Amino acid sequence: MDTKANPPTSITPGDAALLLAQIDDRPTLVNINTAARRIAPIASSLASVQKRLACLSSFTIDFLKTPLELQALRAGLHLQTHVAPYGQIDQELIDPHSGVASFKPDVVLIAVRLRDVCPALYDSFNSLSPDEARAMIDDWLARFKSAVMSFRQHSQAHLLILNYEAPAVPALGIADRSSVNSQSRLIQAANASLDAIAAAVANAHVLDYDALIAAHGRATWEDRRMALYGRIPVAAQHYWPFAGFIVRYLRPMYGLTKKVLVLDADNTLWGGVIGDVGVDGIALGYDYPGSAFVAFQKRVLDLYHRGIVLCIASKNQPGIVEEALKTHPNMVLREKHFAAMRVNWHPKPQNLQEMAADLNLGIDSFVFLDDSDVECALMREVLPQVMTVCLPREPARYAAVVESLDCFDQFSVSAEDRVRGELYRAESGRRQLQSAVVDMPTFYRQLAMKVTFGINQSSQISRAAQMTNRTNQFNMHTIRCSEDDIRRFMTSGDHEVITLALEDRFGDSGVVGLAIVRKSPEKWVLHQLLMSCRILGRTVEQAFVKWIAGRAKSAGAAQIVGEFVPTTKNKPFAEFYASCGFAVQSPGHAPVEWILPLANVDTTIPDWIAIQSPDSEVS
Amino acid sequence: MSQNQERFSQTVSAILGCAPEDVTDKLTPDQIDTWDSLNQINLVGALEQEFGVSLVAQDLAEYQSVVKLKALLREHGVEV
């Protein structure tokens, strides 16, 4: 070899964020490969989670490796990928010694095109009788189901399964809709069966690949030359969005979902500089360009209604932004929708850090949206862990930018999500009360807290799983659980999944605490213990442990055991065990085990917390 | 070096991970281990994206050298 691969020069996390943003603007092969090479040396330092992902496909999928690793890195996930030889779905899944199985993946992407496994369905559909067509699909699905079931015997890896694409033009043309033998409907039915297969297998998710293709255009999703020459059925311009689509499902799996959206005001929420043109002079209304900003605000409001916390960071005279939010007749977003606001002349990174501290949320769960290249560049440089999105010059495109933000996705949306914005506003009300009263017990009593416990309640499965995935700070080890995992604990017989719901005079916070304990006659072992940071510092966390201790003691146990695995973010948890009377079992042992002896334990709940009797146990 | 030549070198170097100055007429897959079958496809795809052309690559495997890739571009009206 005469020519060596170029040794990459070292770059900063800020440079990496910029390189990734440049791919969003122009997702070309040159930009993707340049970024991948330059970022590679610092890749592991950009990620908080490392996972192994295996790809199984009915076509050549090597092209996805680099874009996928980059998209994952942007989400804070360092992926090690293994690509299995194409077309060996059954063998790779069934054989416990296959390449995929030996790779010991955390996640397996199964990218099978129905076109590849049942070619006649797409290429010569009109020559098939309805029965033949159905039999073809049923045969494949039965084969696939048994392969997936066999895989579950030897691996607990999450399965991400692409669903099946409709043809760009159905075989019968315009007659397809009214035909008994409709090709489109047959493929829809196959997708419904695929959903059913995934629902029957723990930790399997179906990815709506058909919708992805439709969103980007069925006619141009594939480059026929590359499909025929290299068995690559995806055109090069779609590699980047395809990879992003997969990472969208990995984020909620590993607690990498963003929680907060910070908006600039001038030329973001409305057109014009409000300090110059005044509240009456900004563009916001029924005609363009004002209509573009109204459309943008509507999309943002919809995010608020699924639990995304909204903030404002604006360089303006204090008061003027608040006035516009209060008085402008066409404003869609109002003051009540924002959990925190910084309207001042300080650098925006500083304002974001302050708001993160106020809300008790990690700065890496923030997304920052601004129309100014300069503000965006500064944010990427100073806080590369914030996801910075620069708005395009054309305000008509703003709403589409909000729609394209895929970093907020959860597998399910809970009742708590829908009212989260109000919860965070209530929190600032509590903080004001706290600054007005003298001593803490008085403050606690004025809050009038009511706690309700739930044990193995199936209605809380989704919220419990979500809490293990969202909670990073007050969490003993940040081991994530899926809904299937929670269900298994609830029905195991020797575990209790305990949820804690909190209400006070400022409102109902919903379920904010979770413990999973494994009960044995002599001791109860904490498998999970976590609380939403929003409610910390009101003695509820200690009361939670006291309540569990009381329960364990009356069951005859002698001790409660809990471990602590430090992460970069769970420092708030570190002092907690000691504050509840736990002592370190064997110092130096990793992970550190803490023991609470129950013989003389004080299980008195402070008088300022009213305990509602636990709801009936359902499993 | 013309603008097109510079762009050509940068494109090839981005895909193969070598320095732009290593992209000479002598460069063939034998001389750099990153020039594999996936990157052969990526090279043609990247040249299409960078030069805004749709290359008729009847047999992509034939265009495996800098000299041949340049010839292919010239056939499509790009002077490199």
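The structure displayed is predicted, hence computed values, not measured ones.

Enquirer: Is there a simple way to explain the overall build of chain A in this structure?
Expert: A count of helical and extended segments in chain A gives 28 helices and 18 strands. What you see for chain A is a C-alpha radius of gyration of 27 Å, in line with the 25 Å of a compact globule of 619 residues. The long-range fraction of contacts in chain A, counting pairs at least 24 apart against all pairs at least 6 apart in sequence, stands at 71%.

Enquirer: Quick question: what am I supposed to make of the interface of chain B and chain A here?
Expert: Many structure descriptions define interface size as the accessible area lost when the parts assemble. At the junction of the two partners, chain B supplies 21 residues and chain A supplies 19 residues. Of all the secondary structure elements, the ones that give two or more residues to the side of chain B that touches chain A are α1 (3-16) and α2 (37-51) of chain B. The dominant element in the side of chain B that touches chain A, judged by the number of residues it contributes, is α2 of chain B, at seven residues. Partitioning the side of chain B that touches chain A into residue classes produces eleven nonpolar, seven polar and three charged.

Enquirer: How should the packing of α1 of chain B against α2 of chain B be read in this particular structure?
Expert: The description of two helices packed together rests on the angle between their axes and the distance between the axes. Residue and element names in this part refer to chain B. Between α1 and α2, the shortest axis-to-axis distance is 10 Å and the interhelical angle comes to 145 degrees. α1 and α2 meet at a crossing whose hand is right-handed. Of the residues in α2, those touching α1 at Arg7, Thr11, Val12, Ile15 and Leu16 are Asn39, Asn42, Leu43, Ala46, Leu47 and Glu50. When the residues that make up the contact of α1 with α2 are grouped by side-chain class, the tally is six nonpolar, three polar and two charged.

Enquirer: How do you make sense of the sheet that holds strand β12 (residues 495-504) of chain A when you look at a structure like this?
Expert: What holds strands together in a sheet is hydrogen bonding between their backbones, with the strands either parallel or antiparallel. All names here are of chain A. What the eight strands build is an open sheet, ordered β16-β17-β15-β14-β13-β12-β11-β18; its pairing is mixed. Looking at which strands have only one partner, the edges of the open sheet turn out to be β16 (583-584) and β18 (609-612). Examined bridge by bridge, strand β11 (residues 449-455) and β18 share four bridges and lie parallel to one another. The residue of β18 that forms the bridge with Lys450 is Ala610. Packed onto the sheet, helix α24 (residues 461-470) meets β12, β13 (507-519) and β14 (523-531) and runs at close to 85 degrees relative to β13.

Enquirer: What is the right way to look at the nonpolar core in this model?
Expert: Side chains of a nonpolar character, in soluble globular proteins, are inclined to be buried together. Residues and elements named next belong to chain A. Residues Cys55, Leu56, Leu109, Ile110, Val262, Leu310 and Cys311 are the most contacted members of the largest nonpolar core, which totals 147 residues. Here this core gets nine residues from one element, more than from any other, and that element is helix α14 (residues 239-253). Residues from two domains meet in this core; each of domain 1 (47-253) and domain 2 (260-403) gives at least three. Contact partners of Cys55, with chain neighbours within four places excluded, come to Ile61, Leu64, Thr81, Val83, Ala84, Leu109 and Ala111. Ranked by size, the runner-up nonpolar core spans 53 residues in total, among them Ala464, Ile498, Val545 and Ile548.

Enquirer: Hey, could you run me through the sheet that holds strand β6 (residues 260-263) of chain A in this one?
Expert: All names here are of chain A. In space, the five strands of this open sheet follow the order β8-β7-β6-β9-β10, with parallel pairing throughout. Edge positions in the sheet fall to β8 (338-343) and β10 (387-390), since each of these pairs with one other strand and no more. The sheet shows a mean angle of 20 degrees between the axes of neighbouring strands, taken without regard to direction. Note that β6 and strand β7 (residues 309-314) share four bridges and pair parallel. Bridge pairing in β7 places Val260 opposite Val309. Against the sheet, helix α19 (residues 373-382) makes contact with β9 (366-370) and β10, and its axis sits at roughly 165 degrees relative to β10, the strand it touches most.

Enquirer: I tried to follow the environment of Pro572 of chain A on my own but got confused; where do I start?
Expert: All names here are of chain A. Here Pro572 lies in helix α27 (residues 571-574). For Pro572 and Asn472, which are 100 residues apart along the polypeptide, the C-alpha to C-alpha distance reads 9.7 Å. The residues touching Pro572, leaving out its near neighbours within four places in the chain, are Gln473, Phe474, Cys533 and Leu536.

Enquirer: How do you make sense of the environment of Arg225 of chain A when you look at a structure like this?
Expert: Note on placement: Arg225 of chain A falls in helix α13 (residues 224-230). For Arg225 of chain A and Phe338 of chain A, which are 113 residues apart along the polypeptide, the C-alpha to C-alpha distance reads 50 Å.

Enquirer: Looking at this structure, how should I read the pairing of strand β15 (residues 559-564) of chain A?
Expert: For a regular strand, the rule is simple: side chains alternate between the two faces of the sheet. Residue and element names in this part refer to chain A. What you see with β15 is a clean split: Ile560, Gly562 and Phe564 sit on the buried side and Gln559, Val561 and Glu563 on the side with no burial. When β14 meets β15, the two strands line up parallel, connected through three bridges. The partner of Trp524 across the bridge, within β15, is Ile560. Handedness of the β14-helix α26 (residues 540-554)-β15 crossover: right-handed.

What counts, and where the lines are drawn
Residues numbered from 1 in each chain as written. Chains lettered and ligands numbered in written order. Predicted model: local features only at pLDDT ≥ 70, side-chain atom pairs only at ≥ 80, totals over all residues. Helix = DSSP H or I, 4+ residues; strand = E, 2+ residues; numbered from the N terminus. Rg over C-alpha atoms; globule rule 2.2 N^0.38 Å. Contact = placed C-beta atoms within 7 Å. Nonpolar A, V, L, I, M, F, W, Y, C, P; charged D, E, K, R; others polar. Axes fitted to C-alpha atoms, helices over the stretch in contact; angles between N-to-C directions. Left-handed = near helix turned anticlockwise from the far one by under 90°. Pairing = 2+ DSSP bridges. Core = buried A, V, L, I, M, F, W, Y, C linked by C-beta atoms within 7 Å. Buried ≥ 20, exposed ≤ 12 C-beta atoms within 10 Å, placed from the backbone. Domains from an automatic or database assignment. Right-handed = clockwise from strand over helix to strand, strands pointing away.

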